[in-house]
Amino acid sequence: MSAIHLKSLCKSFGENEIIKGIDLEINDGEFLVLVGPSGCGKSTLLRMISGLETPNSGTINIDGKCVNDTSPADRDLAMVFQNYALYPHLTVFENMAFGLRMQKKSEAEIQSRVDYATDILQIRDLLERKPKALSGGQRQRVAVGRAIVRKPKAYLFDEPLSNLDAKLRSEMRIELKKLHQTLGTTMIYVTHDQIEAMTMGDRIAVMRDGVIEQLDTPTNLYNSPVNKFVASFIGSPQMNFIEGELKNGGEHLTFKTQSHEFEIPNNHGQFDEVKSWSACTLGIRPENIYDNHFAEIKNPQNTVNSKVDLVENIGSNLYLHSSLGVDRVIASVSGSSSISASDDVDLIFDMSKSHFFKS
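Draft legend 1. Molecular detail of the sheet that holds strand S1 (residues 4-13). A sheet is described by the order of its strands in space; here 4 strands give the open sequence S2-S1-S4-S5, paired in antiparallel fashion. The open sheet terminates on both sides in strands that have one partner only, identified here as strand S2 (16-26) and strand S5 (65-66). The pairing of S1 with strand S4 (residues 57-62) spans 5 bridges and is classified as antiparallel. Across the sheet, the residue bridging to Lys-7 is Thr-59, located in S4. Along the sheet face, helix H1 (residues 42-50) touches S1, S2 and S4 and points at about 115° away from the line of S1.

Draft legend 2. Inspection of the side chain of His-355 at higher detail. Here His-355 shows up in strand S20 (residues 355-358). If we ignore the near neighbours within four places in the chain, the residues touching His-355 are Asn-223, Pro-225, Met-239, His-268, Gln-270, Thr-281, Leu-282 and Gly-283.

Draft legend 3. Representation of the sheet that holds strand S10 (residues 211-216). The strand order across the open sheet built from 6 strands is S6-S7-S8-S3-S9-S10, with neighbouring strands paired in mixed fashion. With partners counted over all chains shown, the strands left at the sheet margins are strand S6 (77-80) and S10, one partner each. Strand-to-strand twist in this sheet, taken as the mean axis angle between neighbours without regard to direction, amounts to 15°. With 5 bridges joining them, strand S3 (residues 31-35) and strand S8 (residues 186-191) adopt parallel strand pairing. For Leu-34, the partnering residue across the bridge sits in S8 and is Val-190.

Reading guide: rules and limits
Residues numbered from 1 in each chain as written. Predicted model: local features only at pLDDT ≥ 70, side-chain atom pairs only at ≥ 80, totals over all residues. Heavy atoms only, no water. Pairing = 2+ DSSP bridges. Helix = DSSP H or I, 4+ residues; strand = E, 2+ residues; numbered from the N terminus. Contact = heavy atoms within 4.5 Å. Axes fitted to C-alpha atoms, helices over the stretch in contact; angles between N-to-C directions.

Everything listed here is a matter of coordinates, which is why it stays silent on function.
And the structure:
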């Protein structure tokens, strides 16, 4: 196991600056997820840690030792790629044993390590097959197994589930998280999928344009996003954003849009911070907008009547798409509701769970 520390890391390709002075400490045994939109630099950052890319400036430390000039083979890291990178002419056993043979390990140790990995991943019955005879999920398990047998200081995963269908992705998320709990080894996982990030990471680094916007636990990212970008990227459906301005009436604070006015409770977490603001953006998650018919606590001040334009039925919940003046909003309400498109609904905005961002 290893702690990995990045200090003032920068990387450019020509005049295109991809990584812009990143500082990051990854704890020994941690499962850290790098998440962000395509092109944000997360895979480049992972490739620099592995040694496949060289930083223009800054340092990469593994176990307190700078490895900037250390070759990928000597960093003792195992990387699992999106395309699996299996040798098509070798059996599963031979694929998993290949790296160990290159290290001149004994056949007894090779057999022992492969047995250990295949038992964890439950792929013992695949050992004599070649990659073309495997499903996508099986190939992914073999790729992970090939990494496990090396017993590296840390595992690096570069979007390893993106080629799998939705069901297999869900299953492999669980398997990789269980694998981390079993091995206790440092893992760094790159994805653009915020659901993968939220369900797998001990901590998540949300990246945009070569910088880390926020590094925190999944719970804190969801409940306390530091800016509008993080708030929009984490959560599905996406957080609603409504433009307006804050009105400070002394003991009372309200948020006014073109068509509605909402009362902000005194115990709101941002009450003291935002009471001096004027124009800003209100953020509220769909599950914090309630159908008045089902709500246990009524709040006339923060109830809005709206016509439903579209209903998405996902079984347990309905996503109601409607308008609030010029803004579009999504409310997540009980799946037992009988609301249909074109219905008028009274929606309660739980302002105690709202967020405010400077425009």
